[in-house]
Amino acid sequence: MATVIAVRFKNAGKLYYFDPDGLDIETGSFVIVETARGVECGEVAFGNREIEDEKIMHPLKKVMRAATDEDLKKIEDTRRREKEAFRICLNKIAQHKLEMKLIDCEYTFDNNKIIFSFTADGRVDFRELVKDLAGVFRTRIELRQIGVRDEAKMLGGIGVCGRPFCCSSFLGEFQPVSIKMAKEQGLSLNPTKISGICGRLMCCLKYEQEAYEDLLRKTPRVGASVISPDGKGVVEEANLLTGIVKVRLDEFADTAPRSYHRKKLKPVKERQPKQEKQADKTDEQPE
């Protein structure tokens, strides 16, 4: 076990663990830490807490110090400078006639680098743009191409559900989502119904997937043979959430299927033909 704090550098951003170095740091406070990008100021997502060593990437970097009022004022000034830098970069992109969409501008805490995030349909040759920007700002320039999901996370907005984007509200990291989840949850496979504003599959498909997987294990699938209180039949329809299964009974094949709760149904185990069983036994015998 190791005592750590979790720090995030953006709203709903990824959490990073740091060694508090003996300091008692409270949740919601700000600290100065050293990162791969240089010295940064981040918000403490949770204070001193013990975490299992397996969940931590060692060695942990130590917290340099708690942020002061001067540090927080410096951040506010930097935010104003970022807006001006964003405007200048937009003009430069237009001058160079580059097919790219500028999304975000960010200064590092030590002001040694400006990071411009953008989206584009393909690769963009922005070498001349970088030289131009470096001449204006007299500091290191980094242009980072991001995807549409990262764009939605940075810009934020209202989703099709009427609530703010999950990615910009509380999701620290994007979870893998597949079309298989939509199929198992019985959703329409129309892309417009299961896609978010970013055009990718909605992140919320992941939320209830474990519950649906558990229900799929308990509920007979369509086409399966089952034994009901009224006899043997074949499943024609199943509602995972309510547990109601419609079964067409073999003795009443010409009538409408009957509805049962999945707890009242027993699956019919298909017996293996005798010839195949004999062949399997022969294969298992040692030479």
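Read on for an overview of the structure.

What counts, and where the lines are drawn
Residues numbered from 1 in each chain as written. Predicted model: local features only at pLDDT ≥ 70, side-chain atom pairs only at ≥ 80, totals over all residues. Heavy atoms only, no water. Core = buried A, V, L, I, M, F, W, Y, C linked by side-chain atoms within 4.5 Å. Buried < 20%, exposed > 50% of the residue type's maximum accessible area, 1.4 Å probe, protein only. Helix = DSSP H or I, 4+ residues; strand = E, 2+ residues; numbered from the N terminus. Contact = heavy atoms within 4.5 Å. Pairing = 2+ DSSP bridges. Expected span 1.5 Å × (residues − 1).

## Description of the nonpolar core
(1) Moving on: Residues Met 100, Phe 116, Leu 133, Phe 137 and Leu 143 are the most contacted members of the largest nonpolar core, which totals 18 residues.
(2) Moving on: Those elements giving two or more residues to this core turn out to be helix H1 (69–96), strand E6 (101–107), strand E7 (113–119), helix H2 (127–137) and strand E8 (140–145).
(3) Moving on: With 4 residues, H1 is the largest single contributor of residues to this core.
(4) Moving on: Not counting chain neighbours up to four residues away, the residues in contact with Leu 133 comprise Cys 89, Lys 92, Phe 116, Arg 138, Ile 141 and Leu 143.

## Regarding the sheet that holds strand E12 (residues 258–261)
Two strands in a sheet stick together by hydrogen bonds in their backbones, pointing the same way (parallel) or opposite ways (antiparallel).
(1) Moving on: Read across the open sheet, the 5 strands follow the order E12-E11-E10-E9-E13; overall the sheet is antiparallel. The strands lining the two open edges of the sheet, one partner per strand, are E12 and strand E13 (266–267).
(2) Moving on: Relative to E12, strand E11 (residues 244–249) is paired through 4 bridges, and the arrangement is antiparallel. Bridging from a neighbouring strand, Val 245 pairs with Tyr 260 of E12.

## Points about the environment of Ala 182
(1) Moving on: Its place among the elements puts Ala 182 in helix H5 (residues 179–184).
(2) Moving on: As for Ala 182 and Met 202, which are separated by 20 residues in sequence, their C-alpha atoms are 9.8 Å apart.

## Side note on the pairing of strand E10 (residues 231–238)
(1) Moving on: Judged from the 4 bridges that link them, strand E9 (residues 225–228) and E10 form a sheet pairing that is antiparallel. Note on E10: the bridge partner recorded for Val 226 is Gly 233.
(2) Moving on: The antiparallel pairing of E9 with E10 creates a hairpin that spans 2 residues between the two strands.
(3) Moving on: Examined bridge by bridge, E10 and E11 share 5 bridges and lie antiparallel to one another. Each bridged residue has a counterpart across the sheet, and for Ala 238 the counterpart in E11 is Val 245.
(4) Moving on: Where E10 folds back onto E11 in an antiparallel hairpin, the turn is made up of 5 residues, including Gly 243, whose phi is positive at roughly 80°.

## Digging into H1
(1) Moving on: Along its 28 residues, H1 runs 40 Å from first to last C-alpha, staying within 8% of the 40 Å computed at 1.5 Å per residue.
(2) Moving on: Within H1, the full set of buried residues consists of Asp 71, Ile 75, Thr 78, Glu 82, Ala 85, Ile 88, Cys 89, Lys 92 and Ile 93.
(3) Moving on: Residues of H1 that are buried in the fold lie against strand E3 (30–35), strand E4 (38–51), strand E5 (65–66), E6, E7 and H2.
(4) Moving on: Among the residues trailing H1, Lys 97 stands out with phi positive, at a value near 55°.

These figures come from the coordinates and say nothing about function on their own.
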